[in-house]
There are 2 protein chains.
Amino acid sequence: MGRKKVEMKRIENKSSRQVTFSKRRSGLIKKAREISVLCDLQIALVVFSAPGRLNEFCAGDRLYKDSKAVLEQNCCQ
Amino acid sequence: MGRKKVEMKRIENKSSRQVTFSKRRSGLIKKAREISVLCDLQIALVVFSAPGRLNEFCAGDRLYKDSKAVLEQNCCQ
DNA sequence: TCTACTATGTATAAAGA
DNA sequence: TTCTTTATACATAGTAG
């Protein structure tokens, strides 16, 4: 029982990867909502499980129009 | 020392709110990157600290073109 | 504001049902 | 496979420098 330290690489087993995705997705959305409320800001979270395929989307109360422009950039910090 | 349970509402004190934002933002980005690697998917994280004002942006290796279309929607799950 | 510390709250990997 | 449980890893609030 309990857990091991997770290695930061792609999970090869498909079902394990799916389970991890499901768990971490909900955790991530929860965190995003918390920071949105606590810090009074808008946040968008877009997940693609495959090229061009939307999997999840989450935002604050509103989503500002220029978010589109933001995503026209292709940066990764 | 240590910490109390955090109440889920806007932090009124400006500097405390800024500190919390800074800490949680880095945590959120870390989590986003982890799920991106572990589950082999693309993710975008857009934060607006004020209307129309980009504060942070993070994605996976690539960001697909139709992410723009996604953000044209105005939903909040 | 930034770093460091550390007690404590939270997320989650594995396992069981 | 989906829901629980539980041990453990991880995140972070409050504080100090």
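Report on the accompanying structure. This structure is a prediction, so every number in the text was calculated from the model and none was measured. Here the residue numbering is sequential within each chain, running from 1 through the sequence in written order. Whichever chain is written first is A, and whichever ligand is written first is 1; the rest continue in order. Confidence filtering applies because this is a predicted model: local features only for residues at pLDDT of at least 70, side-chain atom pairs given and counted only at 80 or more, and all residues used for totals across whole chains, interfaces and linings. Only hydrogens and water are set aside when side-chain values are computed; all heavy atoms of the structure are taken into account.

We define the nonpolar core as a collection of buried residues of types Ala, Val, Leu, Ile, Met, Phe, Trp, Tyr and Cys that are connected through side-chain atoms lying within 4.5 Å of one another. Note on exposure labels: buried denotes an accessible area under 20% of the residue type's maximum, exposed denotes more than 50%, and partly exposed covers the range between, all computed with a 1.4 Å probe on protein chains only. Among the nonpolar cores identified, the biggest contains 24 residues, and A:Leu28, A:Ile43, A:Leu45, B:Leu28, B:Ile43 and B:Leu45 are the most heavily contacted of them. Excluding residues within four positions of it along the chain, B:Leu28 makes contact with A:Leu28, A:Lys31, A:Ala32, A:Ile35, A:Ile43 and B:Leu45. The contact criterion used throughout is that any non-hydrogen atoms of two residues lie within 4.5 Å.

Here the phi dihedral of A:Asp40 falls at roughly 55 degrees; this positive angle occurs in a residue that is not glycine. The helix count covers DSSP runs of H or I at least four residues long, the strand count covers runs of E at least two residues long, and both are numbered beginning at the N terminus. Its place among the elements puts A:Asp40 in the loop between α1 (14–38) and β1 (42–50).

Here the focus is the pattern of salt bridges. Salt bridge, as applied in this entry: a Lys or Arg side-chain nitrogen positioned within 4 Å of an Asp or Glu carboxyl oxygen. Counting across every chain of the model gives six salt bridges over all chains. What emerges from the salt-bridge pattern is a single network uniting A:Arg10, A:Glu12 and B:Asp40.

All names here are of chain A. Within the secondary structure layout, Lys31 lies in helix α1. By relative accessible area, Lys31 is classed as partly exposed at 42%. In the structure, Lys31 is positioned 13 residues away from Ala44 in sequence and 12 Å away in space, judged by C-alpha atoms.

So, on to the packing of α1(A) against helix α1 (residues 14–38) of chain B. To get an axis, fit a line to the C-alpha atoms, keeping to the stretch in contact for a helix; angles then go from 0 to 180 degrees between the N-to-C directions. Remark: α1(A) packs on α1(B), axes separated minimally by 10 Å, with the N-to-C direction vectors making an angle of 165 degrees. Taken as axis vectors, α1(A) and α1(B) run roughly antiparallel relative to one another. Considering only the axes of α1(A) and α1(B), their crossing is left-handed. Contact residues: α1(A) offers A:Arg17, A:Thr20, A:Phe21, A:Arg24, A:Arg25, A:Leu28, A:Lys31, A:Ala32, A:Glu34, A:Ile35 and A:Leu38, while α1(B) offers B:Arg17, B:Thr20, B:Phe21, B:Arg24, B:Arg25, B:Leu28, B:Lys31, B:Ala32, B:Glu34, B:Ile35 and B:Leu38. Tallied by class, the residues present in the contact of α1(A) with α1(B) amount to ten nonpolar, two polar and ten charged. Under this scheme an angle from 65 to 115 degrees is roughly perpendicular, one under 35 degrees roughly parallel, and one over 145 degrees roughly antiparallel; angles in between are oblique. Left-handed describes a crossing in which the near helix is turned anticlockwise from the far one by less than a right angle; the clockwise case is right-handed. Residues are sorted three ways: Asp, Glu, Lys and Arg are charged, Ala, Val, Leu, Ile, Met, Phe, Trp, Tyr, Cys and Pro are nonpolar, and all the rest, Gly among them, are polar.

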